Amino acid sequence: SGLLNKTLLSLIVFGLAIIPLASSGSLSGNIVDSDTHQPIVGANVTISGTDEEPPAMWKGVFVSNVPVGGYTVTTSMIGYSAASRANVNTYSQRQT
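Residues numbered from 1 in each chain as written. Predicted model: local features only at pLDDT ≥ 70, side-chain atom pairs only at ≥ 80, totals over all residues. Heavy atoms only, no water.

Undergrad: Go over unusual backbone geometry with me, naming the residues and quoting the values.
TA: A positive phi angle, near 65°, is found at H37, a position not held by glycine. In this structure, H37 sits in the loop between β2 (24-32) and β3 (44-47). The backbone phi angle of K59 is positive, close to 60°, even though this residue is not glycine. Mapped onto the secondary structure, K59 falls in the loop between β3 and β4 (61-67). (Helix = DSSP H or I, 4+ residues; strand = E, 2+ residues; numbered from the N terminus.)

Written out as structure tokens, the structure reads:
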């Protein structure tokens, strides 16, 4: 079927909104179909080195509070290939 052969969702990680606590940041992004650019609601998101697995909600957006640091963000959905973005960084007291 067409969905089974799709190349994965594009993973767009937004500028990282930062919480003014020294040890935590906020990571957010938008999951969309790489061909149609339509949001993928319900896509699974994993953030390396954490237990965070925020789902892609309305308009494919996910948000997660994580410790300041560097991460690999991976997204997956039945019928799509997984996609990852490495070197996603969060910073304290700074919006990136």
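Undergrad: Summarise the pairing of β3; cite the residues concerned and give the values.
TA: Burial along β3 is one-sided: the residues V45 and I47 are buried and none of N44 and T46 is. Bridging between β3 and strand β5 (residues 69-76) involves four bridges; their strand directions are antiparallel. Residue T46 lies in a different strand from β5, and its bridge partner there is T74. (Buried < 20%, exposed > 50% of the residue type's maximum accessible area, 1.4 Å probe, protein only. Pairing = 2+ DSSP bridges.)

Undergrad: Outline the nonpolar core, listing residues and values.
TA: In this structure, L27, I31, F62 and V73 are the most contacted members of the largest nonpolar core, which totals 13 residues. The set of elements that each furnish at least two residues to this core consists of β2, β3, β4 and β5. (Core = buried A, V, L, I, M, F, W, Y, C linked by side-chain atoms within 4.5 Å.)

Undergrad: Could you give me a rundown of the side chain of S64, with the residues and numbers involved?
TA: Residue placement: S64 occurs in strand β4. There is a polar contact of 2.7 Å between the side chain of S64 and the side chain of E52. When near neighbours in sequence (up to four residues on either side) are disregarded, S64 contacts G25, S26, L27, I47, E52 and P54. (Polar contact = N/O pair within 3.5 Å; in protein donor to acceptor, adjacent residues only side chain to side chain. Contact = heavy atoms within 4.5 Å.)

Undergrad: So, the environment of V68: which residues are in play, and what are the values?
TA: Inspection of the secondary structure puts V68 in the loop between β4 and β5. By relative accessible area, which is 35% here, V68 ends up partly exposed. Distance from V68 to S92, taken between C-alpha atoms, is 6.3 Å for residues 24 residues apart in sequence.

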